[in-house]
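One-letter residues, chain by chain:
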Amino acid sequence: MLSPGCSTPQSQEYSFLPWVEGYAVGHDGLDTEHRRLVEIINEIHVAQQTDPAPARINTLLDMLHQETVDHLRHENSAMREVSGKVALEKGSHPAALKMMSDAVLDEHIAEHARSLQKLAFIIRSFGPESNAPSGELGDLLKDWFIEHAIKYDAHLKAVFQAL
Ligand SMILES: [Fe+2]
Ligand SMILES: [Fe+2]
């Protein structure tokens, strides 16, 4: 059972939102964080099925929000680092330079702000102050994560590979 501050048990497999390699971007730290977000979303789903006490789900939602804030901050700094590196060594990383232009970087960072707002909205809709039935919570969080990892982060894998 996942508890605040524990590390991600790599052996744990979930059926609700199984880990797939498509969620990895080829950066150890960011991928560990993606795994952790997947794990928390799965634990929320498990809690809804087996232990729907609001306190447990609220604790997990707080964890998901905080770890998302940390992850997006880390991802922003990792992208800025890549951008600075390819700008300094233009000739060495032409492919990465193209894929990590200032416009792409700015748009990706702006998307993180939107993603965090969306998560906060979902959490508010189902959190302690809300009377909304929590049946859809897991599905909304799953869609939210897949949008982050597949729609927006997938291109990072090509960037990291091009370095
Ligand atoms: Fe990410
Ligand atoms: Fe991202």
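Residues numbered from 1 in each chain as written. Chains lettered and ligands numbered in written order. Predicted model: local features only at pLDDT ≥ 70, side-chain atom pairs only at ≥ 80, totals over all residues.

Topic: the overall build of the protein
To keep things clear, this is the line we draw: Each helix is a run of DSSP H or I of at least 4 residues and each strand a run of E of at least 2, with the numbering of both proceeding from the N terminus. Exposure classes come from backbone-placed C-beta atoms, where a residue is buried if 20 or more other C-beta atoms lie within 10 Å of its own, exposed if 12 or fewer do, and partly exposed in between. This entry defines residue contacts through backbone-placed C-beta atoms, with two residues in contact when those atoms are within 7 Å.
The helix and strand inventory of the protein stands at six helices and zero strands. Overall, the protein shows an N-to-C arrangement of helices and strands of α-α-α-α-α-α. When each of the 163 residues of the protein is scored for burial, the buried share is 28%. In the protein, of all internal contacts separated by at least 6 residues, the share reaching a separation of at least 24 is 72%.

Section: the nonpolar core
How we decide: Note on terminology: a nonpolar core is any set of buried Ala, Val, Leu, Ile, Met, Phe, Trp, Tyr and Cys residues joined through C-beta atoms within 7 Å.
One finds Ile40, Ile41, Ile44, Leu60, Leu64 and Phe145 to be the most contacted residues of the largest nonpolar core, which totals 30 residues. Where this core is concerned, the elements lending two or more residues are helix H1 (28-50), helix H2 (54-88), helix H4 (102-126), helix H5 (137-152) and helix H6 (154-162). Considering each element in turn, this core owes the most residues, eight residues, to H2. Setting aside chain neighbours within four positions, we find Ile44 in contact with Ile57, Leu60, Leu61, Leu137, Gly138 and Leu141.

Describing the packing of H1 against H2
Operational definition: Each axis is a line fitted through C-alpha atoms, taken for helices only over the stretch in contact, and angles between the N-to-C directions span 0 to 180 degrees. Each angle receives one of four descriptions, namely roughly parallel if under 35 degrees, roughly antiparallel if over 145, roughly perpendicular if within 65 to 115, and oblique otherwise. We call a crossing left-handed when the near helix sits turned anticlockwise from the far one by less than a right angle, and right-handed when that turn is clockwise.
Between H1 and H2, the shortest axis-to-axis distance is 10 Å and the interhelical angle comes to 165°. Here H1 lies roughly antiparallel to H2, going by the angle between them. H1 and H2 meet at a crossing whose hand is left-handed. Contact with H1, carried on its side by Gly29, Leu30, Glu33, Arg36, Leu37, Ile40, Ile41, Glu43, Ile44, Ala47 and Gln48, involves Arg56, Ile57, Leu60, Leu61, Met63, Leu64, Glu67, Thr68, His71, His74, Glu75 and Ala78 of H2 and no other residues of that element.

Some details on the confidence of the model for the protein
Here is the rule we go by: Known as pLDDT, the predictor's per-residue confidence is scaled from 0 to 100.
Averaged over every residue, the pLDDT of the protein is 86; residues scoring 70 or more account for 87%. Within the protein, helix H3 (residues 94-99) has the poorest average pLDDT of any element, 71, and H5 the best, 96. Considering only residues more than four positions removed or in separate chains, one finds that residues 4-11, a stretch of pLDDT under 50, has five contacts.

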